[in-house]
Amino acid sequence: MKYVSTRGTADLGRFSDVLLSGLAPDGGLAMPESIPTFTSTELETLRGLAYPDLAFRVMRPFIDDIPEADLKRLLHATYAPEVFHSKDITPLTPLGDSELFILELSNGPSLAFKDVAMQFLGHIFEYVLEARGEQLNILGATSGDTGSAAEYAMLGKARVNVFMLSPHGRMSAFQQAQMFSLAEPNIFNIALEGVFDDCQDLVKAVNADADFKARHDIGAVNSINWARVLAQAVYYFKAYFALNLAPGAQADFSVPSGNFGNVFAGYLAKSMGLPIGQLLVATNENDVLNEFFSTGVYHVRPAQRVAATSSPSMDIGKASNFERYLYLITGSDAPQTHGWWQDVGEGRPVDLRGSAHWDAVKASGLTSGRSTHADRLDTIRRVDRQYGRLIDPHTADGVLIGERHQRPGVPMVCLETALPAKFEETVQEAVGRVPKRPERFEGIEGLEKHFDVLPNDVDRLKAYVVEKLAGKG
Ligand SMILES: Cc1ncc(COP(=O)(O)O)c(C=O)c1O
Ligand SMILES: N[C@@H](CCOP(=O)(O)O)C(=O)O
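Residues numbered from 1 in each chain as written. Chains lettered and ligands numbered in written order. Predicted model: local features only at pLDDT ≥ 70, side-chain atom pairs only at ≥ 80, totals over all residues. Heavy atoms only, no water.

## Structural notes on the sheet that holds strand 15 (residues 452–454)
A sheet is described by the order of its strands in space; here five strands give the open sequence 8-5-6-7-15, paired in parallel fashion. Taken across any chain shown, the strands that pair with only one partner, and hence form the sheet edges, are strand 8 (218–219) and strand 15. Pairing of strand 7 (residues 187–192) with strand 15 involves three bridges; the strand directions are parallel. Of the residues in strand 15, the one forming a bridge with Ile-190 is Asp-452. Relative to the sheet, helix 9 (residues 196–208) contacts strand 5 (136–141), strand 6 (160–167), strand 7 and strand 8, its axis offset from that of strand 5 by approximately 150°. (Pairing = 2+ DSSP bridges. Helix = DSSP H or I, 4+ residues; strand = E, 2+ residues; numbered from the N terminus. Contact = heavy atoms within 4.5 Å. Axes fitted to C-alpha atoms, helices over the stretch in contact; angles between N-to-C directions.)

Quick look at the structure:
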């Protein structure tokens, strides 16, 4: 499978190349030249497969440059019950008899859905780097969960260093403790004076400097990396088959959204032939995406207008993967996508109202909703009382929007994107008690913290990376 850029570069190489390069040299995102689909008969052969075998069948058409036996071995090592604390890896549990289901994605090492793909990245990076005799210096941006998932996945990996940017003072106490308590020689935590979008912009700016990127082996773990979204598509298949529906029957999914990686993975699964009906983009008060799906106008929000909310991991004004979605909506029209992103870069809106592209958006099955702090508290409280299940604020955003869009007779799968223990302040505010946390995280907030504060300045960041790498000899 050949990969191309959403902005026009025609040949980015094959899977292992885009895995290591992260962002395309023209600033766009890597996409497969075409999206392979399953016929309904082929889909039936996926039913009942164990997670690693299902992952192999879903991902294999996109990964044809790694021997079959090696890929299977890596997937079995990744999706092990002892890593995800469940034999199903991503179990599906009903909320009473409401036809609402929680897709548990957060039982892995860092207690957030990011682990599902990030654990795979840890294994596959190591495999490809070993084969090529190379090193990778990952530059990432996190609003709280990508950071810990990436750092836990890359711990002790000799060929990988992680430089992780986070918005200074904006993560939950638990999230900060997870990352900053790590004192590992290959992990560098940078608290940036800015919001998540500033962190993401710096990551893109460093990647845009081809010379710096090549000299310092810069790679990516955010969902700008194709491997992340591909690995995330698998759990939509897993959930669908766990519902045990008649062949071809539809299921709806509700996805708490910020950077648009998770819901894009769902759209990928749907594009591959999985019978997904509605794909709900659930946002918090930072509702740029909800605005787009309601009006047809996409107008990114400048950093100073991104609100600090009680679902902080979704405090994002500029969603990376939205570019992949619009690229597919245009029928893979890279010049069109490039033009739009030039507009976005210069602060102009993308306005699809009345166009054939807007008809394509409406036909794609994506719709949206928005929730507020009060909605979040109410949903956490209600789900706890009604179903005896404690959910985190991000999952609550998804459940609320899922409930609002439920269709009679069609199951609604709500993605659990983090465990409540990560956001205990808000959960306590909602239900008056502190959620249980796994024993390994007891007292984590009291551990010594290791991080450096940097201003929002690309040159300072580059100098920091160079200095730290030089320090490692
Ligand atoms: C807990 C949680 N929920 C939801 C999201 C939003 O997911 P995405 O950025 O893939 O849209 C994030 C961050 O990505 C998150 O950490
Ligand atoms: N919410 C994320 C933001 C980054 O998202 P990604 O999926 O692009 O890595 C976080 O928690 O860091």
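## Observations regarding the site of ligand 1
By nearness alone, 15 residues border ligand 1, and Lys-114, Asp-145, Gly-258, Asn-259 and Thr-417 come closest of all. Between ligand 1 and the protein, one listed contact pairs an oxygen atom with a backbone N or O atom of Phe-260 at 2.9 Å. Residue Thr-417 places a side-chain N or O atom 2.8 Å away from a nitrogen atom belonging to ligand 1. Relative to its free-state accessible area of 380 Å², ligand 1 is covered by the protein chains to the extent of 98%. (Near = heavy atom within 4 Å. Polar contact = N/O pair within 3.5 Å; in protein donor to acceptor, adjacent residues only side chain to side chain. Areas by Shrake-Rupley, 256 points an atom, 1.4 Å probe, with all protein chains shown as cover.)

## Structural notes on the nonpolar core
Membership of the largest hydrophobic core comes to 111 residues, with the highest contact counts inside it found for Trp-226, Tyr-236, Phe-237, Phe-260, Tyr-298, Phe-322 and Tyr-325. For this core, the leading source of residues is helix 11 (residues 226–242), giving 13 residues. Counting 24 residues, the second largest nonpolar core, distinct from the first, contains Phe-196, Phe-212, Leu-454 and Leu-469. (Core = buried A, V, L, I, M, F, W, Y, C linked by side-chain atoms within 4.5 Å. Buried < 20%, exposed > 50% of the residue type's maximum accessible area, 1.4 Å probe, protein only.)

## Considering helix 3 (residues 51–59)
The buried count for helix 3 comes to seven of nine residues, which makes it a mostly enclosed element. What helix 3 keeps buried is the set Tyr-51, Pro-52, Leu-54, Ala-55, Phe-56, Val-58 and Met-59. The inward-facing, buried residues of helix 3 abut helix 4 (68–78), helix 6 (114–132) and helix 11.

## Let's talk about the sheet that holds strand 3 (residues 92–94)
The strand order across the open sheet built from six strands is 3-4-14-9-10-13, with neighbouring strands paired in mixed fashion. The sheet is open, and its two borders are formed by strand 3 and strand 13 (366–370), each paired with just one other strand. Shown here is a sheet whose adjacent strand axes are inclined to one another by a mean of 25°, direction ignored. Of the strands in this sheet, strand 3, strand 4 (100–104), strand 9 (251–256), strand 10 (276–283) and strand 14 (412–416) touch helix 11, which is tilted by about 135° from strand 9. The strands touched by helix 12 (residues 261–271) are strand 9, strand 10, strand 13 and strand 14; relative to strand 10, the strand with the most contacts, the crossing angle is about 170°.

## A short note on unusual backbone geometry
Here Glu-99, not a glycine, exhibits a phi torsion of approximately 70°, which is positive. Note that Glu-99 resides in the loop between strand 3 and strand 4. With a relative accessible area of 35%, Glu-99 lands in the partly exposed category. If you check the backbone angles, Ser-332 has positive phi at about 65° while not being a glycine. Its location among the elements puts Ser-332 in the loop between helix 14 (322–329) and helix 15 (334–345).

## What about the pattern of salt bridges?
Taken as a whole and assessed by the stated rule, the structure comprises 30 salt bridges. Here Arg-389 ties to Glu-104 by a salt bridge, and the two come within 3.2 Å at their closest N and O atoms. On the criterion of sequence distance, the pair formed by Arg-389 in the loop between helix 17 (373–387) and helix 18 (393–404) and Glu-104 in strand 4 is long-range, its members being 285 residues apart. Accessibility assignment for this pair places Arg-389 and Glu-104 in one class, buried. It is possible to trace a salt-bridge network through shared partners that takes in Asp-287, Glu-291, Arg-301 and Arg-370. (Salt bridge = Lys/Arg side-chain N within 4 Å of Asp/Glu carboxyl O.)

## Some details on the packing of helix 6 against helix 7 (residues 145–154)
Two elements in contact, helix 6 and helix 7, have axes whose closest approach is 8 Å; the angle formed by their N-to-C orientations is 35°. Handedness of the crossing formed by helix 6 with helix 7: right-handed. Facing Lys-114, Asp-115, Met-118, Gln-119, Leu-121, Gly-122 and Phe-125 of helix 6, the residues of helix 7 in contact are Asp-145, Thr-146, Ala-149, Ala-150, Tyr-152, Ala-153 and Met-154. (Left-handed = near helix turned anticlockwise from the far one by under 90°.)

## Some details on the confidence of the model for the protein chain
When pLDDT is averaged along the protein chain, the result is 97, and 100% of the positions lie at 70 or above. This complex was scored by the predictor with a pTM of 0.97 and an ipTM of 0.99. (pLDDT = per-residue confidence, 0-100.)

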